[in-house]
Amino acid sequence: MTALRPGALVEIDIATAEGRRTVIRRISTWQDRGGDRYACLLADPDGGGLSSATLAQHAGRWLCVSLLVAIQPPPSDPRRGRP
């Protein structure tokens, strides 16, 4: 099992209605939430999209114990000089 550290690629098991699926995400940041649960900011290595989730270790694998929530960047604001 891959250790949680910024930049690491980890396999995450996600429960679905059909069973389980496994996704690979890059750890951007993480925070220990106690009880062997970790709040993580995750990046999709293919598309670069960001998401957040709470992960826990189970049977030698990382298990998503909260919904994987996509994070959308804020809309552009020309008043702030951002495209």
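In this report, we go over the structure that sits alongside the text.

**Some remarks on the side chain of Ser51**
Turning to its location among the elements, Ser51 is positioned in strand β4 (residues 50–58). When sequence neighbours within four positions are dropped, the list of residues in contact with Ser51 reads Cys40, Leu41, Leu42, Leu68, Val69, Ala70 and Ile71.

**Concerning the packing of aromatic side chains**
Inspection of the entire model under this criterion finds 2 aromatic pairs. Seen from their ring centres, Trp30 and Tyr38 are 5.5 Å apart, and the 75° between their planes marks the pair as edge-to-face. Note on Trp30: relative accessible area 37%, which makes it partly exposed. A relative accessible area of 14% means that Tyr38 is categorised as buried. When the centroid spacing of 5.9 Å and the interplanar angle of 85° are considered together, the rings of Tyr38 and Trp62 count as edge-to-face. Taken together, the residues Tyr38 in strand β3 (residues 37–43) and Trp62 in strand β5 (residues 61–64) connect sequence positions 24 residues apart. Residue Trp62 is classed as buried on the basis of its relative accessible area, which comes to 4%. Following the ring pairs from residue to residue traces out a cluster consisting of Trp30, Tyr38 and Trp62.

**Brief notes about the nonpolar core**
Where a protein is soluble and globular, its nonpolar side chains tend to be buried together. Among the nonpolar cores identified, the biggest contains 13 residues, and Leu4, Ile12, Cys40 and Leu55 are the most heavily contacted of them. Contributing elements (two or more residues each) for this core: β1 (9–16), β2 (19–34), β3, β4 and β5. If sequence neighbours within four positions are ignored, Cys40 has contacts with Leu4, Ile27, Thr29, Trp30, Ser51, Ser52, Ala53 and Leu55.

**A word on the pairing of β1**
Bridge count between β1 and β2: 8 bridges; the pairing is antiparallel. In the sheet register, Leu9 faces β2, and the bridge partner there is Arg26. Between β1 and β2, which pair antiparallel and follow one another directly, the connecting turn spans 2 residues. Looking at chain direction, β1 and β5 are connected through 2 bridges and run parallel. Note that in β5 the partner of Ile12 across the bridge is Trp62.

Calculation criteria
- Residues numbered from 1 in each chain as written.
- Predicted model: local features only at pLDDT ≥ 70, side-chain atom pairs only at ≥ 80, totals over all residues.
- Heavy atoms only, no water.
- Helix = DSSP H or I, 4+ residues; strand = E, 2+ residues; numbered from the N terminus.
- Contact = heavy atoms within 4.5 Å.
- Phe/Tyr/Trp six-rings, centres within 6.5 Å; stacked < 30°, edge-to-face > 60°.
- Buried < 20%, exposed > 50% of the residue type's maximum accessible area, 1.4 Å probe, protein only.
- Core = buried A, V, L, I, M, F, W, Y, C linked by side-chain atoms within 4.5 Å.
- Pairing = 2+ DSSP bridges.

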